[in-house]
Amino acid sequence: MLRGIIGYLVFCFLCFPLWGTAQSFHLGKGEKHQKAKFQLINNLIIIPVELNGSKLSFILDSGVSKPILFNLSGQDSVQINNVSEISIKGIGEGDPMKALSSKGNVLKIKDMVNQDQMLYVVLDKGFNLSPTLGIPVHGIIGYDLFRDFIVEINYGAKTIKFHDPQFYNGSKRNKDEVLPLDVVNKRAYISGNIYLEDDERIAVKLMLDTGSGDAVWLFEDEEKDIRLPSKSFDDFLGKGLSGNVFGKRAKIRRIEIGGFSLEDAKAAFPDLKFFRIAKEMYDRNGSLGGEILKRFNMVFDYPNNELTIRKNKHFNDPFHYNISGIEIQHDGVRFIAERIADSRGVLKSEERNFGDVQILMGNTTRLSLVPEIVVSGIRAGSPADLAGLQEGDLILSVNGKSVHNYKLQEITKMLNEDKGKEIRVLIERYNKDMFFSFVLKDVFE
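This write-up is about the structure you can find in this document. Computed from a prediction, not measured in an experiment: that's the story for all the values here.

This next bit is on the overall build of the protein. In terms of regular secondary structure, the protein is built from six helices and 30 strands. Looking at the protein as a whole, 55% of its 445 residues qualify as buried. Counted over contacts in the protein with a minimum sequence separation of 6, partners at least 24 positions apart contribute 69%. Summing over all exposed atoms, the protein offers an accessible surface of approximately 19900 Å²; the carbon and sulfur share of this is 45%.

Scanning the model with the defined rule gives two cavities of 30 Å³ or more in all. For the second largest cavity, the full set of lining residues is Ile-190, Leu-208, Ile-257, Leu-288, Leu-293, Phe-296, Met-298, Leu-307 and Ile-309. Mapped by element, the contributors of at least two residues to the lining of the second largest cavity are β22 (296-301) and β23 (306-311). A breakdown of the residues in the lining of the second largest cavity according to their chemical character gives nine nonpolar, no polar and no charged.

Moving on: the sheet that holds strand β2 (residues 33-37). Judged by pairing direction, the sheet is antiparallel, and its six strands sit side by side in the order β2-β12-β11-β22-β23-β13 without closing on themselves. Each having just a single partner strand, β2 and β13 (177-180) make up the two edges of the open sheet. When the angles between neighbouring strand axes are averaged without regard to direction, this sheet yields 15 degrees. Taken together, the five bridges between strand β11 (residues 150-154) and strand β12 (residues 159-163) define a ladder with antiparallel strand orientation. Bridge pairing links Glu-152 to Lys-161 in β12.

One number sums up the size of the largest pocket: a volume of about 1200 Å³. Around the largest pocket, the lining comprises 37 residues; the ones closest to its centre are Glu-291, Lys-294, Pro-318, His-320 and Lys-413. Those elements that provide at least two residues to the lining of the largest pocket are β3 (39-41) and α6 (408-415). Examining the composition of the lining of the largest pocket, we find that five residues originate from one element, α6, more than from any other.

Let us look at the side chain of Arg-187. Structurally, Arg-187 can be placed in strand β15 (residues 187-195). Comment: no salt bridge for buried Arg-187; closest opposite-charge side chain is Asp-61, at 7.8 Å. Polar side-chain contacts of Arg-187 include one of 3.2 Å to the backbone oxygen of Gly-63.

Applying the stated criterion to the full structure yields 18 salt bridges. For the salt bridge of Asp-198 with Arg-227, the shortest nitrogen-to-oxygen distance reads 3.5 Å. Here the residue Asp-198 occupies a position in the loop between β15 and β16 (202-208), and Arg-227 occupies one in the loop between β17 (216-218) and β18 (232-240), the gap between them amounting to 29 residues. Residue Asp-234 pairs with Lys-248 through a salt bridge whose shortest N-O separation is 2.6 Å. In this pair, Asp-234 is assigned in strand β18 and Lys-248 in strand β19 (residues 243-257), connecting sequence segments 14 residues apart. Taking the relative accessible area as the measure of exposure, Asp-234 reaches 51% and is therefore exposed. By relative accessible area, Lys-248 is classed as partly exposed at 28%.

It is worth spelling out the nonpolar core at this point. In terms of nonpolar packing, the biggest core is built from 88 residues, with Leu-218, Ile-255, Leu-288 and Ile-292 touching the most fellow members. Sorting elements by how many residues they give to this core places strand β20 (residues 260-270) first, with five residues. Beyond its immediate chain neighbours, meaning those up to four positions away, Leu-288 contacts Ile-190, Leu-206, Met-207, Leu-208, Asp-209, Ala-215, Val-216, Ile-255, Ile-257 and Leu-293.

With that out of the way, let us pick up the packing of aromatic side chains. Counted according to the given criterion, the structure contains 12 aromatic pairs. Here the aromatic rings of Phe-146 and Phe-300 are separated by 5.0 Å at their centres, their planes lie at 65 degrees, and the arrangement is edge-to-face. Of this pair, Phe-146 sits in helix α2 (residues 143-148) while Phe-300 sits in strand β22; the two residues are 154 residues apart in sequence, bridging distant segments of the chain. For the pair shown, Phe-146 and Phe-300 are each scored as buried. Of the aromatic side chains, those joined through ring pairs into one cluster are Tyr-143, Phe-146, Phe-300 and Tyr-302. The aromatic ring of Tyr-321 is capped on one face by Lys-266, whose charged end is 5.6 Å from the ring centroid. The ring of Phe-319 has Arg-295 sitting right over it, with the charged end atom 4.0 Å from the ring centre.

Reading the values: rules and limits
- Residues numbered from 1 in each chain as written.
- Predicted model: local features only at pLDDT ≥ 70, side-chain atom pairs only at ≥ 80, totals over all residues.
- Heavy atoms only, no water.
- Helix = DSSP H or I, 4+ residues; strand = E, 2+ residues; numbered from the N terminus.
- Buried < 20%, exposed > 50% of the residue type's maximum accessible area, 1.4 Å probe, protein only.
- Contact = heavy atoms within 4.5 Å.
- Areas by Shrake-Rupley, 256 points an atom, 1.4 Å probe, with all protein chains shown as cover.
- 1 Å grid on protein atoms, 1.4 Å probe; cavity = no way out; pocket = protein on both sides within 12 Å on 5 of 7 lines; lining within 4 Å.
- Points joined across faces, edges and corners; volume = space filled by probe spheres on them.
- Nonpolar A, V, L, I, M, F, W, Y, C, P; charged D, E, K, R; others polar.
- Pairing = 2+ DSSP bridges.
- Axes fitted to C-alpha atoms, helices over the stretch in contact; angles between N-to-C directions.
- Lys, Arg positive; Asp, Glu negative; His and termini not counted.
- Salt bridge = Lys/Arg side-chain N within 4 Å of Asp/Glu carboxyl O.
- Polar contact = N/O pair within 3.5 Å; in protein donor to acceptor, adjacent residues only side chain to side chain.
- Core = buried A, V, L, I, M, F, W, Y, C linked by side-chain atoms within 4.5 Å.
- Phe/Tyr/Trp six-rings, centres within 6.5 Å; stacked < 30°, edge-to-face > 60°.
- Lys NZ or Arg CZ within 6 Å of the ring centre and 35° of its normal.

What follows is the structure, encoded as structure tokens:
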């Protein structure tokens, strides 16, 4: 079973053999832009796509060069064309894996169509992001969209507009700030400043990575004086195509992007064995992920090498830390029995988030099929670890609330709400119900 990653997905550097050419995406006849809604889950943008007639969901990932398809086990059928076998290598501690290269596919996002899309298909059934996100996710897509359109992302309204560059007027608002964008080898970089623990300003070059749910990743560098802060802790940072990525988590005093400043920003310092090639090839100091990007509404203008940003309602949101130490994910389904009548015999009606199968028993009880929520990882020395929770425990309730009534990200929030708060967890272990409690603590104390 894969360890949960609480949305900190890692696709920052994927090594593929890039050959052949692909046709561009095109808007519908007479259209100047296309607008679509997206889901924002764990700081990741999930958009609906249609591949050769099959309806799927992809992560919009500015750090990936070609679309990648995976997790097809739940699909009735997905046709892919002109297939050949290749090996691919991404970040992570594992070896290269077998995959497929496919050309001549029709990829649609609403009325936008690419009639000759090239993509890669990961064959490893174990690489599946759906359990950790709580919804089906089948792939990732990035550069091909940013290349063909001016991409306007409104994180506040959860909408995205793809503008035809020929007709985009580029009108700016008073609070907009335009930053230079450096597009190199199909990835975009911006310059900024960081302050680690003192008043020393360090200039950094960061890759923009909408496919990472984290805040900022920094590569330690003695020459630039980028060093790990004095207070940090070991953590599992995410999963790449080639396995798990580990490193340290810390807090930096400030990060500056243009004229905007974010205090006490969360930072990850990955083990450089996973990123040394990326650091050396692109002269980058790290990456900027969704937990910072979501604080702005943004316009990615690759043709003119510009990034326009404007802070939104998320700008002052606190940075999220996993202070409980629990990582969770979906792991199969189970039946539960619930009363649907109160003590007077009156039937209750409620909106259900989960449960595709419901059986009524005697008009007073409902038998429903719901996802199982399991502990997929425990950070050593964390409050949950010290309380006795274990990987593989089936979570039944948190603070008296049955978890099957909540989305996965809502349960994660319940487990990590406020330091000093007592968390009570009811779990099932080896067919036995067990109760645990612990107090949330500041991870840097």
